[in-house]
Amino acid sequence: MIREPAVAGQFYSGLEKALRNDIKDYVDMSQEKTDAIGALSPHAGYACSGLVAGKVLSAIKPRSTYIIMGPNHTGLGFPFSVTACDSWKTPLGEVKIDTSLVSALKKSTDLITESEDAHQFEHSIEVQLPFLQFMHKGSFKFVPIVISQSDLSTYKKLGNSLASTIKDLKLEKDVTIIASSDMTHYEPQEDANKKDSAAIKAMLNMNEDELFKVIEKFDISMCGYAPAIIMLVAAKALG
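A brief structural summary. What you see is a predicted model; the values in this text were computed from it and never measured.

**Brief notes about unusual backbone geometry**
1) Next: A positive phi is found at Tyr 186, a non-glycine position, where the angle reads about 55°.
2) Next: Counting through the fold element by element, Tyr 186 comes out in the loop between β9 (175-180) and α7 (189-204).
3) Next: In this structure, Met 206 takes a positive phi of about 55° despite not being glycine.
4) Next: Here Met 206 shows up in the loop between α7 and α8 (208-217).

Below is the structure:
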């Protein structure tokens, strides 16, 4: 089963040549690359967030597998939803799902459930794929997980489950975890800078508790804070 693109022609160009040209303008392939365990990448339309996403994703060394977590904007599906599809399609071609890793994750925790409803119209994961497709000379696989709101202890539990599964399969050098998130929405620049700086500081300090605290304290509209927390927990557990 193939998942067709939901937001091609809206969040990014639906035409292959135009999309390649756009991404070429957003990425910097000459950047020094980090062998990243985790990364945070935005997911708005490319006109708004393409430069930031391009900077982030072209600064990490390509790996054979990505776990991409995005927030649930539609409210559909289960709280922590993986896909039953074999691949996802974008205008740049198909990307295979790492079905063995999906199966292992489902066995490792009762939090993760299959739900196509959660993925059908969700954009936060899909928009990351064309960047990765553009930058990979070879093929890669990925695991998409749509994340709904829950509590901090549940996010930590899932983060630790991701890490333990990756360790059990000896994939520590093969997997990068990408948390898909925009930062403050629709606020004056000065206010957004103040709020986002507090959240970014917590992430740079690798402190998921502090991130959760400042999100609540300052009412920060960072839509993917849950994927970010899960990514931080997993990244620390993976070293």
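**With respect to the pairing of strand β6 (residues 93-97)**
Every other side chain in a regular strand lies on the same face of the sheet, so the side chains alternate between the two faces.
1) Next: Looking at chain direction, strand β5 (residues 87-90) and β6 are connected through 4 bridges and run antiparallel. Counted as the bridge partner of Trp 88 is Val 95 from β6.
2) Next: Hairpin remark: β5 followed by β6, antiparallel, with 2 residues in the connecting loop.
3) Next: In this structure, β6 lies alongside strand β8 (residues 141-147), joined through 2 bridges in parallel fashion. Residue pairing across strands places Lys 96 opposite Lys 141, the latter belonging to β8.

About the thresholds
- Residues numbered from 1 in each chain as written.
- Predicted model: local features only at pLDDT ≥ 70, side-chain atom pairs only at ≥ 80, totals over all residues.
- Heavy atoms only, no water.
- Helix = DSSP H or I, 4+ residues; strand = E, 2+ residues; numbered from the N terminus.
- Pairing = 2+ DSSP bridges.

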